[in-house]
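# Residue-level structure breakdown
Spelled out from the first residue to the last, the chains are:
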Amino acid sequence: MSPIFRAAATALFFAACFNTSSPTNAATAPAPVKLATTVPTYADLVSLTLGSPVIVRATIIKAERLGNKDAPDVAAGRARLLMTAQINAALIAPDAVPAMISYLVELPLDARGKVPKAKGAAVLLFLRPSERPGQYSLVRAAAQLDADAQVEATLRTIITEARANTAPNVTGVGNAFRVPGSVPGEAESQFFLTTASGRPVSLVVLSRPGQQRTVQLAVGDVIDDSAATIKPATLTWYRLACFLPKSLPARVGGDDLAALADDYALVLSRLGPCERRI
């Protein structure tokens with residue numbers, strides 16, 4: 001065989017051996033390890049984010065199951081594991097986070113009663129530091145999520161919004177009134193919300209004949225054309241949908257209570273439920 005043909009044959013041999021983009025190799029690539037049993041909602045992600053001093057993306061490199069002596073209070077069908085994880089990225093970390101950390105987590109056993117394979121799993125961890133360096137605890141039992149690019153992007157958006165501190169921290173409804181318009185069927189209902197900071201925030205429902213009612217949010221002492229619609233999957237939406245009372249308090253309505261209560265019910269229906277799974 002000539003040197004040219006020998007070189008070509010050698011190149012084809014190595015290309016066949018190391019071509020990772022071939023359908024066969026793609027089909028046999030191991031699936032990523034998944035540990036979470038429930039997909040979190042937006043409200044879940046916000047509450048986890050706001051309640052976590054440390055949030056990291058990590059890869060589990062070691063998982064040790066604790067025996068009955070070290071974990072006597074674990075419910076049947078579950079196991080407590082001591083995880084050792086390598087940090088890949090820190091989303092929130094007020095102080096330096098070590099390259100390796102350890103923490104405890106409980107996981108459900110599989111159908112065979114075995115501990116699920118955890119080594120190699122990519123996870124998002126919502127943590128608080130413990131007293132010993134390198135050791136952390138999950139902020140709640142379900143604070144270990146499977147790493148996911150879309151979930152991480154949502155977390156980063158939540159973190160940015162929280163740092164901007166523009167979303168009102170709603171605590172209730174303080175007062176409300178309804179003003180009729182200049183033509184029959186026209187009216188404006190205003191709901192003055194109470195907030196943790198005392199910042200003035202109002203919900204405005206506009207009714208016009210032949211048109212769908214609109215719901216807007218006004219921030220400030222003056223309610224004008226700057227009032228904006230409420231965007232879903234934002235921190236403002238979360239603080240309204242998850243913390244407004246489920247019905248209008250009777251003390252705020254006066255003679256217009258029935259009409260105000262109807263407009264308030266519209267606000268809640270437009271916001272939608274504050275769904276939580278974890």
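I will try to describe carefully the structure that is included in this document. Note that the structure is predicted; figures quoted are calculated from it, not measured.

## Topic: the overall build of the chain
Helix and strand counts for the chain come out as 6 helices and 10 strands. Across the chain, contacts joining residues at least 24 apart in sequence account for 61% of those joining residues at least 6 apart. Here the chain has roughly 15,900 Å² of accessible surface; of this, 56% comes from carbon and sulfur atoms.

## Details of the packing of aromatic side chains
Aromatic rings considered in pairs are described by the distance between their centres and by the relative angle of their planes. One pass over the full model with this rule turns up 4 aromatic pairs. Ring centres of Y42 and W237 lie 6.0 Å apart, and the angle between their planes is 65°; on these two criteria the pair is classed as edge-to-face. One end of the pair, Y42, is in helix α3 (residues 42-50); the other, W237, is in helix α5 (residues 235-241), and 195 residues separate them in sequence. Residue Y42 is classed as buried on the basis of its relative accessible area, which comes to 16%. Overall, W237 belongs to the buried group, its relative accessible area being 11%.

## Digging into the nonpolar core
One finds Y103 and L244 to be the most contacted residues of the largest nonpolar core, which totals 67 residues. Setting aside its immediate chain neighbours within four residues, L244 contacts V170, V173, L193, L203, R239, Y264, L268 and L271.

## So, the environment of D146
Relative to the helices and strands, D146 resides in strand β6 (residues 144-146). A residue is classified by how much of its surface remains accessible, and D146, at 14% relative accessible area, is buried. Considered as a pair, D146 and L125 are 21 residues apart in the sequence and their alpha carbons are 8.8 Å apart. Polar side-chain contacts of D146 include one of 3.2 Å to the backbone nitrogen of A36.

## Some remarks on the sheet that holds strand β7 (residues 170-180)
Ordered in space as β7-β8-β9-β10, the 4 strands form an open sheet in which the pairing is antiparallel. Bordering the open sheet on either side are β7 and β10 (214-219), each of which pairs with just one other strand. Averaged over all pairs of adjacent strands, the angle between strand axes in this sheet comes to 20°, irrespective of strand direction. Bridge analysis of β7 against strand β8 (residues 187-195) gives 9 bridges, and the strand direction is antiparallel.

## Some thoughts on the packing of α3 against helix α4 (residues 149-164)
Between α3 and α4, the shortest axis-to-axis distance is 10 Å and the interhelical angle comes to 55°. Judged by the angle between their axes, α3 and α4 are oblique. Along this stretch, α3 crosses α4, giving a crossing that reads as right-handed. Packed against α3, whose contacting residues are Y42, L45, V46, T49 and L50, the element α4 presents V151, T154, L155, I158, I159, E161 and A162 at the interface. Here the residues of the contact of α3 with α4 sort into 9 nonpolar, 2 polar and 1 charged.

## Quick look at the environment of T84
Here T84 lies in strand β2 (residues 78-92). Distance from T84 to K119, taken between C-alpha atoms, is 9.2 Å for residues 35 residues apart in sequence. Ignoring any residue separated from it by four or fewer positions in sequence, one finds T84 in contact with T59, I60, I61, K62, I101 and S102.

## Topic: the state of the cysteines
Considering all chains together, one arrives at 1 disulfide under this definition. The residue that forms a disulfide with C242 is C274, at a sulfur-sulfur distance of 2.0 Å. Between C242 and C274, the S-S dihedral sits near 90°, and the bridge is therefore right-handed. One end of the pair, C242, is in the loop between α5 and α6 (257-271); the other, C274, is in the segment after α6, and 32 residues separate them in sequence. A single burial state applies to C242 and to C274, both of which are buried.

## What about the side chain of E152?
Position of E152 among the secondary structure elements: in helix α4. Residue E152 is classed as buried on the basis of its relative accessible area, which comes to 9%. When near neighbours in sequence (up to four residues on either side) are disregarded, E152 contacts R57, L91 and L124.

## Digging into α6
Side chains of residues three or four places apart in an α-helix project in the same direction, reflecting 3.6 residues per turn. Here α6 is 15 residues long and its end C-alpha atoms lie 21 Å apart, about the 21 Å a rise of 1.5 Å per residue gives. Residues L260, D263, Y264, L266, V267, L268 and L271 constitute the buried set of α6. In this fold, the buried residues of α6 make contact with β7, β8, β9 (201-207), β10 and α5.

## Points about α3
Of all 9 residues that make up α3, 8 are buried, and the element is covered over most of its length. Listed as buried for α3 are Y42, A43, D44, L45, V46, S47, L48 and T49.

## A look at the environment of L104
Residue position: L104 is located in strand β3 (residues 100-108). Residues L104 and R80, spaced 24 residues apart in sequence, show a C-alpha to C-alpha distance of 6.8 Å. Discounting residues that sit within four places of it in the chain, L104 has contacts with L66, R80, L81, L82, Y136 and L138.

Thresholds, definitions, all that
The numbers attached to residues start from 1 for each chain and follow its sequence in the written order. Only residues with pLDDT of at least 70 get local features here, since the model is predicted, and only at 80 or more are side-chain atom pairs given and counted; chain-wide, interface and lining totals rely on the full set of residues. Heavy atoms throughout the structure, all of them, feed into the side-chain values; hydrogens and water do not. For the purposes of this entry, the term helix denotes a DSSP run of H or I that reaches at least four residues, the term strand denotes a run of E that reaches at least two, and both are numbered from the N terminus. Note on contacts: a residue pair qualifies if any of its non-hydrogen atoms lie within 4.5 Å across the two residues. Calculation of accessible area relied on Shrake-Rupley with a 1.4 Å probe; when residues are assessed, cover is drawn exclusively from the protein chains displayed. Two aromatic rings, drawn from Phe, Tyr or Trp (for Trp, its six-membered ring), form a pair once their centres lie within 6.5 Å of each other, and the interplanar angle then sorts them: stacked below 30 degrees, edge-to-face above 60, tilted otherwise. Summary of the burial criterion: residues with accessible area below 20% of their type's maximum are buried, those above 50% are exposed, and those between are partly exposed, where the area comes from a 1.4 Å probe applied to protein chains only. Definition of nonpolar core: a set of buried residues of the types Ala, Val, Leu, Ile, Met, Phe, Trp, Tyr and Cys, connected through side-chain atoms within 4.5 Å. Contacts described as polar in this section are N or O atom pairs within 3.5 Å, which, within protein, must combine one atom able to donate a hydrogen with one able to accept it, while residues neighboring in sequence count only if both atoms come from side chains. In this scheme, strands are said to pair when DSSP sees at least two bridges between them. Fitted lines through C-alpha atoms give the axes, limited to the stretch in contact for helices. The angle between two N-to-C directions lies from 0 to 180 degrees. For classification purposes, an angle smaller than 35 degrees is called roughly parallel, one larger than 145 roughly antiparallel, one from 65 to 115 roughly perpendicular, and anything else oblique. Handedness of each helix crossing follows the sense of rotation of the near helix against the far helix: counterclockwise by less than a right angle gives left-handed, clockwise gives right-handed. Charged means Asp, Glu, Lys or Arg here, nonpolar means Ala, Val, Leu, Ile, Met, Phe, Trp, Tyr, Cys or Pro, and polar covers whatever is left, Gly included. The disulfide criterion is simple: two cysteine sulfur atoms within 2.5 Å. To estimate how far a helix should reach, multiply one less than its number of residues by 1.5 Å.

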